[in-house]
Amino acid sequence: MYALIVFLPLVGSILAGLLSLNNQDRPAELVTVTGLLLSLLLSVIAFAEVAIGGTPVTVDIGRWIVSGDFAAQWALRFDTMTAVMLIVVTGVSSMVHIYSVGYMSHDNARARFMSYLSLFTFAMLMLVTADNLVQLFFGWEGVGVASYLLIGFWYKKESAHTAAMKAFVVNRVGDFGFALGILAVYVLFDSVQFDVIFAQSSLIATTNIEFLGQSLPALEVAGILLFIGAMGKSAQLGLHTWLPDAMEGPTPVSALIHAATMVTAGVFMVCRLSPMLEYAPFALDVITIVGAMTAIFAATVGLTQFDIKRVIAYSTCSQLGYMFFAAGVSAYPAAMFHLTTHAFFKALLFLGAGSVIHALSDEQDLRNMGGIWRKIPVTYAMMWIGSLALAGFPFFAGYYSKDMILEAAYAAHSGVGNFAFVMGCLAAFLTAFYSWRLLILAFHGKPRASADVMAHVHESPLVMTFPLLVLAIGAIFSGWLGYELFVGHHWQQFWGDSIFILPTNAALENAHHVPTWVKLLPIGLAASGVAIAVLCYAVFTGLSAKIAALFWPIHLFFFNKWYFDELYDAIFVKPAVRLGHFFWLRGDRDTIDGFGPDGVSALVYRISGACSRIQTGFVFHYAFAMLIGVVVLVSWYVLRFKG
Amino acid sequence: MIDNWPILSIITFMPLAGVLFLLIIRGDDDTVAHNSRNVALWVSAFTFLVSLVILIGFDSGAPGYQFEEQRVWLGDTGISYHMGVDGISMPFVLLSTFLTPLAILASWRSITNRVREYMIAFLFLETMMIGMFVSLDMLMFYLFFEAVLIPMFLIIGVWGGPRRVYAAFKFFLYTLLGSVLMLVCMLAMYIDAGTTNIPQLMSHEFARGMQTWLFIGFFASFAVKVPMWPVHTWLPDAHVEAPTAGSMILAGVLLKMGGYGFLRFSLPMFPFASEFFAPMIFVLSVVAVIYTSLVALAQSDMKKMIAYSSVAHMGFVTIGIFSMNEQGIAGAMFQMISHGLVSAALFFCVGVVYDRLHTREISAYGGVTAVMPRYAVFFMFMMLASVGLPGTSGFVGEMLVLVGAWQANTWLALFAATGLVLGATYMLWLYRRVMFGRVVSAEVQSMERMQMREYGIFLPLTILVLFFGVYPMALLDVMDVSIQFILDDLTASGVALLVAR
């Protein structure tokens, strides 16, 4: 039965793919949505049995790659962490499937779209149920391809297929680290199986490994290499450049893949590997710092963007940073908690943004919005709920999970922990600011869209608003419901063996006993962020432009996303192409061919001058040379034995 | 009863018998062309069916050679007619018999002049390929190994593109150099061991100094075939000029002759030299992976780009073989079979659009997806297989090679793994430029949709690539014993295995 959770979406995807050959959109929608809803139902059962009931299960399917001691099996592992992810993935995915029926209704390749969505879901489920690193990699690459296909779904659009390729290639850079990490783990443990790795981590905590001519602490090397993979998939600072561009895909895709599920795969991996990473303190510090840097970096960029989806994308990037530094200070349950709540409210925000875009005839620029809140009240309310949850207002989902993370960072009482705490608090302030900037610009003020567009503004149909309502319930209650279970004093009982924390890394436990100001600070910062946003954009409408003009270098720096794209273009992309041309023309053509065959042939031409015979001569010469060889061989034999 | 049949000889010479059929076809040009195509297709398809006998009858648990045949040939000289297959050669035999009918089908419409001669060349080529893989006598191996190139010369030189003479000449120069050196080495080996029987040569201990020279001689020949950097420059030209089917076989089977040679000769016969030269081969392979990937980025000709990608992929093969551990060799073998399928399919992908637009310039295309959506699916799948997506055969080989490489040297693994990034870059870029975007021209807009014949070529390839990606054990189990044999042989010769896993 558990295997069905994973394979139903695959079946749906294949069927929808076949149906797309004949453009049978409605049946394709039906089959994929049904598959997902069934999968969701089974996931809920699995969650009850595995997580609440505390009975982890592994479903063996068969051998995959076995060579010598290297053995990667096909097997599905269901423990608490998987069960949580199952709910998140199938929950959000089924809502997105339903929403897409409405959102894509004007598209003429709906069957293909639904097929890709289900394919993605299958790959994501393979990822979260993996019982070894290689199968995790299978899911990892699978979601990457699905993401590539979906970002480039409107393949005729230049910007869409450019973004699709960028996403795949940047992710591949991360995968480069992931693959090496798998190799390191295999060499260390003689296995890629999670159970074996986790059981033996404590034994080899002090072992060194030969890496690039150095002798380095083994688990640190493996941990950091694997984390590079996580950085790619979860768009962490340095490998984040693909995520904002990925917004070229249809909005349901952004909600499912680039907010709720795929981008959290990196966080999931880090938490999954907690039994190993606990013995790699340096790797954890790296994770903390990268996470904290990403949280603040993305928030600063989010302040200045005008594309509604990009603002939310940077917000996602920033929130992923929170999850990473939570994991980095060993508060894995807090990271998983935020992952879960974030999935609901961020999917809600994206789908809400989609509804806005839909209402405004595909307008995405905040500068051309405004004054529509009365016309689309449901969407407006949903965006409020999502923003309140994101900013962490009391009793909304984000309040429980984000504050838990900040408290854990504070309670880690380490240098990197404090750094993460400060960055996290600053980012919390910025988050509230850009969220309300978005709300005000999108919904309030005078309408800035053309009269023609404004005339068409309409609330979305039920098939789109229903998923919003479901997600809104999650965005409101998931924090309150999950708090005790996920990160309460008895977290160990819930998570079982799926998360391991060394007794000395007690950030999570200590987080319950931080001073009151630490608990109140994030709320205060969020409130002031909202207040300032309201001042800048609603009360004194010209203020934001003045501030931007006053601090123009900083604004420009943020607005241009810290110039990462330009930098990478200059140091990687352009040199690679130039080097390719250089190797081809100077290396292959001039050097190798010049001195090799072409040089020799020129010589031959000059000596023999028998150009005319060349055309028929080769085969003959060749056969002749061969024949000579045989003759020599035979004559040698004759001389030797007869003579 | 079937046990007593000389099944390998039958498979080897069945295509040659088809050549006789082709020779006796009479009639006007159209009839000859039509009948030649059909005869060639049926003969090669039948050969494939017969070759399934060795797949079914093959006992993967048994050590040594199976379906062995040995007959007196040149008296008591130690030279005999000797055939047999083990886990290393059997997959290649199947690969050859599988790809040949597909290649013939691929040339159905694109070859219109001298069809009979073309088909003769292909069937002759098939016999030589199979013969090369099943030979257990060094002299036989040599004859087949060199004879394979004659029909390929003709296919490129007669039915090739405008610069076919240059390409064939280049091919000739490279190959000749290698062959001469290999022949000299074979002579020396015969003098030393008194036999050309391959199993006996494997157990013969050549003096260490001699091994070095022999290794170099064989290396010269095999490295050109692989091809390894810097003797790879014949390949892009040969591919560009060759007709589609020629490229399919060239990339699909002929490139594997080098890797097969390393596994059959260099490793088991010259273990010390192999160990000694491994670092050099690692360096050349890493250069191949990075250098040719970058060069592939710079190409504007689709075929040339895929040709360069082949060089990069074959770099993985040589890395795997010379990391001299189980995963490395298994990975290299797997990579060769997988590349055989995937690159053949990719060259066919180019062929499909070339048949319609008669150009290989990437810039002439754009937006093909909108015109040929089903073609886009196949091309996408093969493109992803080429970049090593897990779930396709491309992943298994690369992963195992990397596992093997890491155990040999972590720098090696690091550099080889850059292929993951670079490979994705040039393949995705190619796909994007050809398939995505708006339809660039009226010519592209009017490209006709895929035909049944073309589905008939894509489907089997797609199914196999997917099958080996999900259940690679079908192949790994077959190779296991033979790889173990090579490793035991290396250990027995006292080569300090880099990692004895």
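Up top you'll find the structure we're talking about.
Definitions and cut-offs
Once a new chain begins, its residue numbering starts again from 1 and follows that chain's sequence as written. Key to labels: chains lettered from A, ligands numbered from 1, both in the order written. The predicted origin of the model limits local features to residues at a pLDDT of at least 70 and limits the giving and counting of side-chain atom pairs to 80 or more, whereas totals for whole chains, interfaces and linings rest on all residues. For the side-chain quantities, the full set of heavy atoms in the structure was used; hydrogens and water were omitted. Runs of H or I in DSSP of at least four residues are treated as helices and runs of E of at least two as strands, each being numbered from the N terminus. Here the globule rule is a power law, 2.2 Å times the number of residues to the power 0.38, and the radius of gyration is based on C-alpha atoms. Throughout this description, buried means an accessible area under 20% of the type-specific maximum (1.4 Å probe, protein chains only), exposed means over 50%, and partly exposed covers the range between. Throughout, the Shrake-Rupley method with a 1.4 Å probe supplies accessible areas, and for residues the shown protein chains are the sole cover considered. When charges are tallied, Lys and Arg are placed among the positive residues and Asp and Glu among the negative ones, while His and the ends of the chain are skipped. Note on charges: their place is set at NZ of Lys, CZ of Arg, CG of Asp or CD of Glu. Surface patches are drawn from residues lacking salt bridges whose relative accessible area is over 30%; two like charges belong together within 9 Å, two nonpolar side chains (Val, Leu, Ile, Met, Phe, Trp, Tyr) within 5 Å. For salt bridges, the criterion is a side-chain nitrogen of Lys or Arg within 4 Å of an Asp or Glu carboxyl oxygen. Should any heavy atoms of two residues lie within 4.5 Å, those residues are counted as being in contact. Two aromatic rings, drawn from Phe, Tyr or Trp (for Trp, its six-membered ring), form a pair once their centres lie within 6.5 Å of each other, and the interplanar angle then sorts them: stacked below 30 degrees, edge-to-face above 60, tilted otherwise. Two limits define a charge over a ring: the Lys NZ or Arg CZ must be within 6 Å of the ring centre, and within 35 degrees of the ring normal. Once two parts are brought into contact, the accessible area they lose, counted with a 1.4 Å probe and summed over both, makes up the buried area. Think of it as three bins: nonpolar holds Ala, Val, Leu, Ile, Met, Phe, Trp, Tyr, Cys and Pro, charged holds Asp, Glu, Lys and Arg, and polar takes everything else, Gly as well.

Participant: For the overall build of chain A, give the residues involved together with the corresponding values.
Facilitator: In terms of regular secondary structure, chain A is built from 28 helices and four strands. Here chain A has a C-alpha radius of gyration of 29 Å; the compact-globule value for 643 residues is 26 Å, and the two agree. For chain A, the proportion of its 643 residues judged to be buried stands at 61%. Total accessible area computed for chain A in this model is approximately 23100 Å², and 69% of it derives from carbon and sulfur atoms. Of the charged side chains in chain A, 32 are positive and 37 negative; the average position of the first set lies 10 Å away from that of the second.

Participant: Could you give me a rundown of the environment of G456(B), with the residues and numbers involved?
Facilitator: Residue and element names in this part refer to chain B. Summarising the element assignment, G456 is placed in helix α21 (residues 452-470). Accessibility expressed as a relative area gives 34% for G456, which makes it partly exposed. With 351 residues separating them in the primary sequence, G456 and L105 have C-alpha atoms 8.6 Å apart.

Participant: Mind laying out a nonpolar patch on the surface, listing which residues take part and the relevant values?
Facilitator: All names here are of chain A. Together, V534, L535, V539, F540, L543, I547, L550, F551 and I554 line one region of the surface with nonpolar side chains, adding up to about 790 Å² of accessible area. Of all the secondary-structure elements, those providing two or more residues to the nonpolar patch are α23 (516-539) and α24 (543-550). Mapped onto the fold, L550 is located in helix α24. Judged by its relative accessible area of 63%, L550 is exposed.

Participant: I'd like a description of the environment of L149(A), backed by residues and values.
Facilitator: Structurally, L149(A) is set in helix α5 (residues 133-151). Beyond its immediate stretch of four places on either side in the chain, L149(A) contacts Y116(A), L119(A) and M380(B).

Participant: I'd love a proper account of the packing of aromatic side chains, names of residues and values included.
Facilitator: One pair of aromatic rings is described through two measures. These are the centre distance and the angle between the planes. One pass over the full model with this rule turns up 82 aromatic pairs over all chains. Centre to centre, the rings of F137(A) and F178(A) are 5.1 Å apart; their planes meet at 80°, and the pair counts as edge-to-face. One end of the pair, F137(A), is in helix α5; the other, F178(A), is in helix α6 (residues 158-189), and 41 residues separate them in sequence. For F137(A), a relative accessible area of 4% puts it in the buried group. Given the relative accessible area of 0%, F178(A) is considered buried. Judged by centre distance (6.2 Å) and plane angle (80°), the ring pair of F334(B) and F468(B) falls under edge-to-face. You can see F334(B) sitting in helix α15 (residues 326-357) and its partner F468(B) sitting in helix α21, a full 134 residues away along the chain. No difference in accessibility class separates F334(B) from F468(B), as the two residues are buried. Sitting over the face of the ring of F306(A), R367(A) holds its NZ or CZ atom 4.0 Å from the ring centroid. Over the ring of F272(B) we find R208(B), and its NZ or CZ is 3.6 Å from the ring centre.

Participant: Which residues make up the interface of chain B and chain A, and what values go with them?
Facilitator: At the interface, 84 residues of chain B touch 74 residues of chain A. Of the roughly 7300 Å² buried at the junction of chain B and chain A (both faces included), carbon and sulfur atoms supply 75%. The tally of links from chain B across to chain A stands at two salt bridges. Residue classes in the side of chain B that touches chain A are distributed as 59 nonpolar, 16 polar and nine charged.

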